[in-house]
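# Per-entry structural report
Listed here are the chains, written in short residue letters.
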Amino acid sequence: MITEMLITKAIEKFINNLASYISKKAPEFCIAQYKKHEMKLNKGLPEYIKANYQRCAFVRTLLKRDRPTELDKIYEPLQFKIDDDILEEDEIKLSIASNLHRTIISGYAGNGKTIFLKKIYKELIDNQVNFYPIFVELRNISSDTQTLLDYIYESIKTYSDSFTQEQFTYGLEKGLFYFLIDGLDEVSDSQQSNIQEEIIRLTLKYPDCPFVVTSRPNEFTTWENFYVAHLLPFDYRQCQSFIKKIDYVKERKTEFLEFLTEYKFAKHKEFLSNPLLASMMLLTFDEYGDIPAKRHIFYEKCFQVLIKEHDASKGRFLRPLKSKLSHENLEKVFMYFCAITYQKKKYRFSLQEIDKYIDLASQTLSSDKICKSNDIRYDFVHSVSLLLQDGSFFEFIHRSFQEYFFAKFIVNDRKLELENKLDNIDGLFSFAKLNFIAMIEDMNHDYFETEYVLKKLKALNEYFESIDAEKEPEKIFNKFTTTIRMTHSQKKDKFYLMIFNPYNQFKNKEMLINSFIFLKCKNFMNYGKKLYIDLSCNKVLKIHNEYNNFNIKLNMDKDKTIVNVIFDSNRELLIEFNCTEYAQYIKKSLNDYYHDILSRTKKQYSIIDEIIFKNKRLKNIIPG
């Protein structure tokens, strides 16, 4: 009750101060309109501000799931990088508010992007800043036809029917709104480009309104009026400070911090540099006394810890799950639930949606026992805390858990061919799914290599077999890219090719897969980087001038030295640019890799077949 009163008082003071600021900014307009009670921006907005302040001032943490925690008590200031400059959090916030810099906060899942926006929102109120903060979660936009501006207006109007479109437009034009737009990467593919374009248009049309947008790392080349601030992962000091702030048994935290040397932090930086995963690390360490080295083992232990957290004690008597499912079957249902929703690109669910997906997932159980969807939902949310409930909506405690359980489903299921499963995942080799594919491979390397990589290699090698790489280099390169990029090495005055980025958004699906496969070749790191194109800058300039009817682009530095060359994968140009040796290298590397896998796999099966099962002959069970 006291907290509620303090929040109300703070917001009333904020609104009064802002109303005074508005009247000074446009007195001739405000005085007349305030008297008529037609254009008071603080009519309707206080309710909106209060509701969102409550959401931003308190958060639910993994370690305290039954009650909200004050954000300020656990918040650890962040660091950002813009170009080569490392900036503290306060520097970023100052540049946004005072210099009206439009800013994209780019960071990976769980690094604290949303929490950072909540911190800004709360501080705008606490510090009585002359902006109305507007917190926007893009994942909640309901349809492809709803514009961002309409969605924002409707979200404010939800708290007061008297808030008009005219008031909203006035606030935009006077620069009174501070937009905090969360989760650009969570917008559906069909909405993505429209939302991006609208945000850029809004910043140009309403230049006095600050805009902050969060997203996973992506290409932001079209966002010309935006700064891109890369959210840096926790360093050792930040991780220690964060763990100290967490509300957890003091003795357990002390043990963990004593274990957490700089060496251990460096070894497990992938997990410990992420706030949410660092919390999970504390839980798993408390249970197992160590930190797992591999991602999938970490997530598996997390699940086991969360299951045990549900029990009343660590003794022999265990509380039954509400669904009456065994822990094994509950995990199986959740695994299928994650598989279905991942493929549907669903990360947040209404009550009706979540029960629909749970019902589908529960049908995979071989048992005849019927479980109610709402009982399983209760277990997902309350018993194992893998889902969070936010009002009438539900979401994953962290999207990486959805990735993990879908990856586990792919590896565990052997009814469908792995190649078929993976090839039917949209954007599998996109940058956003880099960790996902790595987790599948890490869970069962042999299965991934023999059932996926080997089959892709076989198809490539069969295609390349009849190709003369020296005379037809484009037929080799076109399997990976249609655009060749050569980067200059000043030390050698030679060039090397940069064509095997498997996460380039401009490549088609086949090229992404082929690039991914090629980068796994054993001799790529040993030989590929040493295979420079024997070509001088003068030769490049000569070719550029002679073949001016071709699409050849030269990028130069301030000293007019060639930095890189970009051209279409054309036979004549590839030969002129001495790329044929590299084409031969690609063909040979893939062939060597294919036979290397075959040799290792046959040896492995030979041991299994002849030594363990005493068979005299190796059966023909090797793919390819």
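Here, every reference points to the structure presented above.
Here's a quick rundown of the structure. Remember, it's a predicted structure, so these values are computed and weren't measured experimentally.

Thresholds applied
- Residues numbered from 1 in each chain as written.
- Predicted model: local features only at pLDDT ≥ 70, side-chain atom pairs only at ≥ 80, totals over all residues.
- Heavy atoms only, no water.
- 1 Å grid on protein atoms, 1.4 Å probe; cavity = no way out; pocket = protein on both sides within 12 Å on 5 of 7 lines; lining within 4 Å.
- Points joined across faces, edges and corners; volume = space filled by probe spheres on them.
- Helix = DSSP H or I, 4+ residues; strand = E, 2+ residues; numbered from the N terminus.
- Phe/Tyr/Trp six-rings, centres within 6.5 Å; stacked < 30°, edge-to-face > 60°.
- Lys NZ or Arg CZ within 6 Å of the ring centre and 35° of its normal.
- Buried < 20%, exposed > 50% of the residue type's maximum accessible area, 1.4 Å probe, protein only.
- Arc of directions from axis to C-beta.
- Contact = heavy atoms within 4.5 Å.
- Pairing = 2+ DSSP bridges.
- Axes fitted to C-alpha atoms, helices over the stretch in contact; angles between N-to-C directions.
- Salt bridge = Lys/Arg side-chain N within 4 Å of Asp/Glu carboxyl O.

## What to know about the layout of surface pockets
- If you add up the space inside the second largest pocket, you get close to 1,500 Å³.
- Along the walls of the second largest pocket sit 50 residues, with Arg60, Thr114, Ile115, Lys118 and Leu388 positioned nearest its centre.
- Secondary-structure elements contributing two or more residues to the lining of the second largest pocket are helix H3 (45-57), strand E1 (58-59), helix H4 (71-74), helix H6 (113-126), helix H14 (275-288), strand E11 (387-390) and strand E12 (393-396).
- In terms of residues, the lining of the second largest pocket owes the most to one element, H6, which gives four residues.

## Considerations on the packing of aromatic side chains
- For the structure on display, the rule yields 46 aromatic pairs.
- Ring geometry for phenylalanine 518 and tyrosine 585: centres 6.0 Å apart, planes at 90°, overall edge-to-face. Highlighted residues: phenylalanine 518 in helix H24 (residues 509-518) and tyrosine 585 in helix H28 (residues 580-612), separated in sequence by 67 residues.
- Its end group placed over the ring of tyrosine 378, lysine 322 keeps NZ or CZ at 4.7 Å from the ring centre.

## Quick word on helix H26 (residues 537-546)
- Cys537, Val540 and Ile543 are the residues of H26 that are buried. What you see down the axis of H26 is that its buried residues fit within an arc of 120°, all on one side. Set apart from the buried face of H26 by more than 90 degrees, the exposed residues are Asn538 and Asn545.
- Structurally, H26 contributes buried residues whose contacts are with strand E13 (483-489), strand E14 (494-497), strand E15 (552-556), strand E16 (562-568) and helix H27 (571-576).

## Things to note about the sheet that holds strand E6 (residues 132-137)
- In spatial order, the strands read E4-E3-E9-E5-E8-E7-E6; together these seven strands make up an open sheet with mixed pairing. The open sheet terminates on both sides in strands that have one partner only, identified here as strand E4 (85-88) and E6. With direction set aside, neighbouring strand axes in the sheet form an average angle of 25°.
- Summarising the sheet, strand E3 (residues 79-82) and strand E9 (residues 226-231) pair through two bridges and their orientation is antiparallel. Bridged to phenylalanine 80 within E9 is leucine 231.
- Where H3 meets the sheet, its contacts fall on E6 and strand E7 (177-182), and the angle it forms with E6 comes to roughly 60°.

## Details of the pattern of salt bridges
- One pass over the full model with this rule turns up 34 salt bridges.
- For lysine 93, the salt bridge identified is with glutamate 123, shortest N-O distance 2.8 Å. Here glutamate 123 lies in helix H6 and lysine 93 lies in helix H5 (residues 89-99), a separation of 30 residues in the sequence.
- We note a salt bridge from lysine 294 to aspartate 442, for which the minimum N-O separation is 3.8 Å. Of the two residues, lysine 294 sits in the loop between H14 and helix H15 (295-310) while aspartate 442 sits in helix H21 (residues 434-443), which places them 148 residues apart along the sequence.
- Judged by its relative accessible area of 31%, aspartate 442 is partly exposed.
- Salt bridges sharing partners connect three or more residues here, namely Asp72, Glu89, Asp90, Lys93, Lys119, Lys122, Glu123 and Asp126.

Nothing here speaks to function; it is all geometry.
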